[in-house]
Amino acid sequence: MSKPKSNRTIMLAGVAAALIVLAVAAFFLLGPKQPKYKDTIVIGTTDSVQTTLDPCEAYDYLGVNIIQNMGEGLFGYEPGTAKIVNKLAVSYTISADRKVWDIKIRTDAKFQDGTPLTAQAVVWSWERTIKLNQDPAFLIGDLIEKAEAVSDDTVRVYLKQPFEETYVKSLLATWVAFPVNPKTTPMDVVKPPNTVDMIGPYKLASWKPGEYIELVANPNYYGEKPKTQRIIIRFYKDAQSLRLAVENGEVDVAFRTLSPADIKDIMSKGTLQVVSGPGIAPIRYLVFNVNKEPFNNKIVRQAIAYLIDRNQIVNTVYMGKFAQPLYSMVPIGFLGHKDSFKEKYGERPNVEAAKQLLKQAGYSESNPLKIELWYTPVRYTPAEPDIAAIIKQNLEASGMIKVDLKSADWATYRSLFKQEKIAMWLLGWFPDFLDPDNYVRPFYHSGANGWLHVNYKNPTVDDLIDKQVLQPTSQRIQTLAQIQDIVADDAPIIPLWQEGQFAVAQPNVKGIVLDYSQIFRYYLIYAETG
C-alpha cells in the first residue's frame, strides 16, 4: 500500500502549478510584442499618369504600375525573381499542336464589389481589350485568335500560332489581360478620375489628377492582405521638390525620379535608405520619324549613330555608376542580346565616318545639316537637359551639323510625337513583360510600333520578329541576332544606355522589392511604428 502524500507535498505541487499558469499567462500577455504598422504610406514621384487607369488603354509606367497593384492576371511574376507563377490560374493544359490552352481559374477570387470571378468574365475582359484596340492591345491581340468559357472555371484559349509556353504566360501576365468586372465596366475606356473593378490587393479610393492618388486595401481580395491599409501616391513637379519631401519626412518613399547626383549624395549621408534593383530599365534611346526629312535618308541616321558618345553620357551624368552604355534595344543580360551598334559604328564616336556619310547626303561645313533634338525635362531624369546638351555637342563635333535643343513637359511632348510634329526625340522604355520580343516587336514590327510614330517598316524584320517567338532557344538567338544587325544598319532608333532602379525611403520602411519585372509592389511595403 502506498504512503499518503503529506500536506506539504500537496501544497508545493499547487504552488508549482500556479507558477506554470502564471508563466503561460505572462508569455501571452507580456511576451513578444506584435509589430504595429503605419496605416498609411506616402509615395512621392515626379512621374504622372498619362492616360487612364483602365488596363485596356494605360501604356505609361505609373499608370500601369498602379493597375498592377489593383489587379492581377491569370499569371504573374514572383516578387524578387523573373519566375512566372500562377495567380488567378490554378492549372492549365496545352494541346499537342500547342495552339489550344485550357486554363482552370480560381473559384475563390472576387471583384471589388464581391462578384465572383468566372471564365466568362475573363473572356469578356480580353474581348473588350481587343475590341477597343488601344495602344497596348497588341500584347494579347497578336496572341489570341479567340477565347471561350468552357465552364465557369475553365477558359479555352485558341492561339494564332503555336507560341512557346513561357512566352504565352508572359503575355497573359500583362495588365491588358487583367480581368475586369463585366457588371460594372462599360465597353468603352474609363476616364480619370475613375478606374475599373479588378481583382487585387488595393482599390482606388480617390484621385485628384496632378496632385495625388489614394488606394485602400481591398477587403474582397482572396490573397494575402497588405500590411499597409492606405497608399497615397503624391505628385511633385521636379526632383528638387521630391528630394526635399523625402528628407523632411513628408513622404515615406521617393520613387521615380531623383537625379543620379541626388542618389549619390543621399547614399553618402546615410540618414535615408537607398534601395536598388537590377539595371535593365529604363532603357534610353533616340527615335527618328523616318517619314520626315532629313531622317527619311538612312545615311543621315547612320551618321548620327557614328557620332553619339554613350560613354560620355554614362560617365558624366551617371557618374559611371548608375547606368551602362547600350548598343542594342535588347538589354544586356537578356536572351539574344547582341552589341550590333557597337559592331557597326564602334564603341566611341567616329567623326570621319560620319562626315563621309553627311557629304554623301549633300551636307558640308558651309551647308550644315540643321536639326532639332527634343527632350522632356522631368519624366526620365532631371539630368535630361545635360544629356541633350551632350548629344548636341557630339553631333556638332562633326562640324557639319547644327542642333537646336527643344523641350516640353511630358503631356505636350507625347502629343508632339504622336501628332508627328517632331522628327527626332529622346524616349525611355520599361518592359511590358520579360522577354526579348518586348524589346524588338514594339519598336521594329510595323504591326506593333504605331504607338511610337517611328514609321519604320521592313518586311524582312517583320517576318523575323514573327518567327523568333516560335523557335527553340538556340535558333531564336540566331534570329534575334539577325534582327539586331538589320535594325542597326537601318538605324530608325538608336539605343543609348540602360539604367538601374533606385528608391529612397525612410529608415523604418521595409518590404521594397525592385526586381526584373519593374513592378513596384505597394502591397509589400510597410513601416513599423512604436
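What comes next is a walk through the structure. The numbers attached to residues start from 1 for each chain and follow its sequence in the written order. Local features in this predicted model are restricted to residues whose pLDDT is 70 or higher, and side-chain atom pairs enter the listing and the counts only when it is 80 or higher, whereas totals over whole chains, interfaces and linings include all residues. Only hydrogens and water are set aside when side-chain values are computed; all heavy atoms of the structure are taken into account.

A look at the overall build of the chain
Part 1 of the argument: Only DSSP runs of H or I reaching four residues or more are called helices, and only runs of E reaching two or more are called strands; each is numbered from the N terminus. Tallying secondary structure elements over the chain gives 16 helices and 22 strands in all.
Part 2 of the argument: In terms of overall dimensions, the chain has a C-alpha envelope of 120 × 60 × 50 Å along the principal axes.
Part 3 of the argument: Only protein chains enter the accessibility calculation, which uses a 1.4 Å probe; a residue whose area is less than 20% of its type maximum is buried, one above 50% is exposed, and one in between is partly exposed. For the chain, with 530 residues in total, the buried portion stands at 55%.
Part 4 of the argument: Here the contacts in the chain between residues at least 6 apart in sequence split such that 70% fall between residues at least 24 apart.
Part 5 of the argument: Per-residue and other accessible areas follow the Shrake-Rupley method at a 1.4 Å probe size, with only the shown protein chains counted as cover for residues. Summed over its atoms, the accessible surface of the chain is roughly 22200 Å², and 51% of this surface lies on carbon and sulfur atoms. Contacts: residue pairs with any heavy atoms within 4.5 Å of one another.

Let's talk about the sheet that holds strand 9 (residues 202-208)
Part 1 of the argument: On the basis of which strands lie adjacent, the open sheet formed by seven strands has the order 9-10-11-2-12-20-13 and mixed pairing. Both edges of this open sheet fall to strand 9 and strand 13 (273-277), since each of them pairs with a single strand only. Across the sheet, the axes of successive neighbouring strands diverge by a mean angle of 20°, strand direction being ignored.
Part 2 of the argument: Pairing between strands requires that DSSP locate at least two bridges from one strand to the other. Bridge count between strand 12 (residues 253-255) and strand 20 (residues 501-505): three bridges; the pairing is antiparallel. Bridge pairing in strand 20 places V253 opposite A505. Where helices are involved, their axes are fitted lines through C-alpha atoms of the stretch in contact, as for all axes, and angles between N-to-C directions lie from 0 to 180°.

As for the packing of helix 15 (residues 459-468) against helix 16 (residues 473-490)
A pair of packed helices is captured by two measures, namely the crossing angle of their axes and the spacing between those axes.
Part 1 of the argument: Running from amino to carboxyl end, helix 15 crosses helix 16 at an angle of 155°, the nearest separation of the two axes being 9 Å. One element, helix 15, and the other, helix 16, form an angle in the roughly antiparallel class. Every pair of crossing elements has a handedness; the one defined by helix 15 and helix 16 is left-handed. Residue-level contacts link T460, V461, L464, I465 and Q468 of helix 15 to R476, T479, L480, Q482, I483, I486 and V487 of helix 16.
Part 2 of the argument: Each residue receives one of three labels: charged for Asp, Glu, Lys and Arg, nonpolar for Ala, Val, Leu, Ile, Met, Phe, Trp, Tyr, Cys and Pro, and polar for the others, Gly being one of them. In terms of residue class, the contact of helix 15 with helix 16 is made up of seven nonpolar, four polar and one charged. The labels follow the angle: roughly parallel below 35 degrees, roughly antiparallel above 145, roughly perpendicular from 65 to 115, and oblique for the rest. Put simply, a crossing is left-handed when the front helix is turned counterclockwise from the back one by less than a right angle, and right-handed when it is turned clockwise.

Considerations on helix 2 (residues 61-70)
Part 1 of the argument: For helix 2, the tally of buried residues reaches 10 of 10 residues, placing the bulk of the element in the interior.
Part 2 of the argument: By the burial criterion, the buried members of helix 2 are Y61, L62, G63, V64, N65, I66, I67, Q68, N69 and M70.
Part 3 of the argument: If you follow the buried residues of helix 2, they end up packed against strand 2 (40-45), strand 9, strand 10 (212-217), strand 11 (230-235) and strand 12.

Focus on the packing of aromatic side chains
Part 1 of the argument: In this analysis, rings of Phe, Tyr and Trp, with Trp reduced to its six-membered ring, are considered paired at centre separations within 6.5 Å, and the interplanar angle assigns stacked below 30 degrees, edge-to-face beyond 60, and tilted for intermediate values. Enumeration over the complete set of coordinates arrives at 30 aromatic pairs.
Part 2 of the argument: Centre to centre, the rings of Y306 and Y345 are 4.8 Å apart; their planes meet at 80°, and the pair counts as edge-to-face. Here Y306, found in helix 8 (residues 298-307), pairs with Y345, found in helix 10 (residues 340-345); they are 39 residues apart in sequence, far enough to count as distant. Of the two residues, Y306 and Y345, both sit in the buried class.
Part 3 of the argument: Three or more aromatic residues joined by ring pairs form one cluster here, namely Y59, F138, W175, Y285, W429, F443 and W451.
Part 4 of the argument: To sit over a ring, a charge needs its Lys NZ or Arg CZ within 6 Å of the ring centre and within 35 degrees of the ring normal. When the ring centre of Y380 is taken as origin, the NZ or CZ atom of R284, which lies over that ring, is 4.3 Å away.
Part 5 of the argument: The ring of W410 has R379 sitting right over it, with the charged end atom 4.2 Å from the ring centre.

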